[in-house]
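# Coordinates in review
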Amino acid sequence: MAFATINDIPVHYELLGEPDAKNLVVFSNSLGTDFRIWLPLFDELSEDISVLLYDSRGHGLTGGADKPFGMADLVDDLIALVEHVGIKRAVFCGLSVGGLICQGVWQKRPDMVKKLVLCDTAAKIGAPDAWNARIDAIAKDGLESIADNVMERWFTADFHQERADDLAGYRLMMSRQAVAGYSSTCAAIRDTDFTNALATISVPVLCVVGDQDGSTPPELVKATASAIPGARFETIEGCGHIPCVEQPEQLAALLQPFLKKA
Ligand SMILES: O=C(O)CC1=CCC(=O)O1
């Protein structure tokens, strides 16, 4: 557990391994989560893979919720954190809004990006009206009021039935986020459209999506992959929006060879 002051806010992160390791992956979390969502994946990855994990602005133990922020801030935070820990170049793997942040890093600092893993994400996520409705709902009634709906999109019916303890834990992770940080992140997603930048991506890209993802459905992620030159698209079976939690073995089986390929 480590903290750094990045762009005037405390950022919570963890570097496991060396900043100059050959196989180094930077993981960026999704809306309503923190870096602990990636932990189940690490049991499945080989030991020679080093990782940088962090909580994005307004989430987890990272600060910044008190002032409104947008996608440019989220991207700048990740770039500055990567520089802070001494990483020159890495694979960037982002889930959902984390995938938008990683696309933003590619646009601003392509020299930092060796490969991209875009997990349950797209160049544009959701409709502005839906984000505005979500922002209004949580301003009025708090995150608890939307938690059941969000869990329906995050996890499959099987997960709901068979992993009730985990479901309760991830539901708490989401509903305990700072409302203002969650709200700014919704606005950042609403205001971001990287569609025109997809054709500029010239590093290897792996796009993955849960077959039952209710937030970024397979057709959306497939369309994003189709617009990136040479990108590979894969579906994860029996999975909602968060494969690193629901199907970490399948995600690792896709990630590992992609990381190791020259
Ligand atoms: O909460 C959701 O609907 C899922 C989600 C959308 C963007 C993101 O990061 O998570």
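Identification of the protein as 3-oxoadipate enol-lactonase from Ciceribacter naphthalenivorans is taken from an unreviewed UniProt entry.

### Description of the sheet that holds strand S5 (residues 90-95)
The strand order across the open sheet built from eight strands is S1-S2-S4-S3-S5-S6-S7-S8, with neighbouring strands paired in mixed fashion. Strands with a single pairing partner mark the edges of an open sheet, and in this sheet they are strand S1 (2-6) and strand S8 (232-236). In this sheet, neighbouring strand axes are inclined to one another by 25 degrees on average, regardless of whether the strands run parallel or antiparallel. Strand contacts of helix H3 (residues 97-108): strand S3 (23-28), strand S4 (49-54), S5 and strand S6 (113-119), with the helix running at about 145 degrees to S5, the strand carrying the most contacts.

### A few points about the nonpolar core
One finds Phe27, Trp38, Leu41, Phe92 and Leu116 to be the most contacted residues of the largest nonpolar core, which totals 95 residues. Excluding its chain neighbours within four sequence positions, the residues that come into contact with Trp38 are Phe27, Ser28, Asn29, Leu53, Cys93, Leu95 and Cys244.

### Digging into the site of the ligand
Near the ligand you find Ser30, Leu31, Ser96, Val97, Trp131, Arg134, Val150, Arg153, Trp154, Ile189, Ser215 and His241, and these make up its full shell. Arg134 is positioned with one of its side-chain polar atoms (N or O) 2.8 Å from an oxygen atom of the ligand. In the model, an oxygen atom of the ligand is placed 3.4 Å from a nitrogen or oxygen of the His241 side chain. For the ligand, whose unbound accessible area comes to 290 Å², protein coverage reaches 98%. Within the residue set of the shell around the ligand, elements represented by two or more residues are helix H4 (128-141) and helix H5 (144-154). Counting residues per element, the shell around the ligand draws most heavily on H5, which supplies three residues. Of the residues assigned to the shell around the ligand, the class counts are six nonpolar, four polar and two charged.

### Quick word on the packing of H4 against H5
Packing of H4 against H5 leaves a shortest axis separation of 9 Å and a crossing angle of 140 degrees. Overall, the two elements H4 and H5 adopt an arrangement that is oblique. Contacts between H4 and H5 involve Arg134, Ala137, Ile138 and Asp141 from the first element and Ser145, Ile146, Val150 and Arg153 from the second. Considered class by class, the residues forming the contact of H4 with H5 number four nonpolar, one polar and three charged.

### Regarding the packing of H5 against helix H7 (residues 164-175)
Two elements in contact, H5 and H7, have axes separated by 10 Å at closest approach and are oriented at 125 degrees. Considered as vectors, H5 and H7 are oriented oblique to each other. As for the relative orientation of H5 and H7, their crossing is right-handed in sense. Facing H5, whose interface residues are Glu144, Ile146, Ala147, Asp148, Val150, Met151 and Trp154, H7 presents Leu167, Tyr170, Arg171, Met174 and Ser175.

### Observations concerning H4
Taking 1.5 Å as the rise per residue, H4 with 14 residues should run 20 Å; its terminal C-alpha atoms sit 20 Å apart, in good agreement. Residues of H4 that are buried include every one of Trp131, Arg134, Ile135 and Ile138, and no others. In an axial view of H4, the angular spread of the buried residues amounts to 100 degrees, which keeps them on one side of the axis. The outward face of H4, more than 90 degrees from its buried face, is lined by the exposed residues Asp129, Asp136 and Lys140.

### With respect to unusual backbone geometry
Note on backbone geometry: most residues besides glycine have negative phi, and most peptide bonds are trans. Phi is positive for Asp8, close to 70 degrees, though the residue is something other than glycine. Take Asp8: it is sitting in the loop between S1 and strand S2 (9-16).

Calculation criteria
- Residues numbered from 1 in each chain as written.
- Predicted model: local features only at pLDDT ≥ 70, side-chain atom pairs only at ≥ 80, totals over all residues.
- Heavy atoms only, no water.
- Pairing = 2+ DSSP bridges.
- Helix = DSSP H or I, 4+ residues; strand = E, 2+ residues; numbered from the N terminus.
- Axes fitted to C-alpha atoms, helices over the stretch in contact; angles between N-to-C directions.
- Contact = heavy atoms within 4.5 Å.
- Core = buried A, V, L, I, M, F, W, Y, C linked by side-chain atoms within 4.5 Å.
- Buried < 20%, exposed > 50% of the residue type's maximum accessible area, 1.4 Å probe, protein only.
- Near = heavy atom within 4 Å.
- Polar contact = N/O pair within 3.5 Å; in protein donor to acceptor, adjacent residues only side chain to side chain.
- Areas by Shrake-Rupley, 256 points an atom, 1.4 Å probe, with all protein chains shown as cover.
- Nonpolar A, V, L, I, M, F, W, Y, C, P; charged D, E, K, R; others polar.
- Parallel < 35°, antiparallel > 145°, perpendicular 65-115°, else oblique.
- Left-handed = near helix turned anticlockwise from the far one by under 90°.
- Expected span 1.5 Å × (residues − 1).
- Arc of directions from axis to C-beta.

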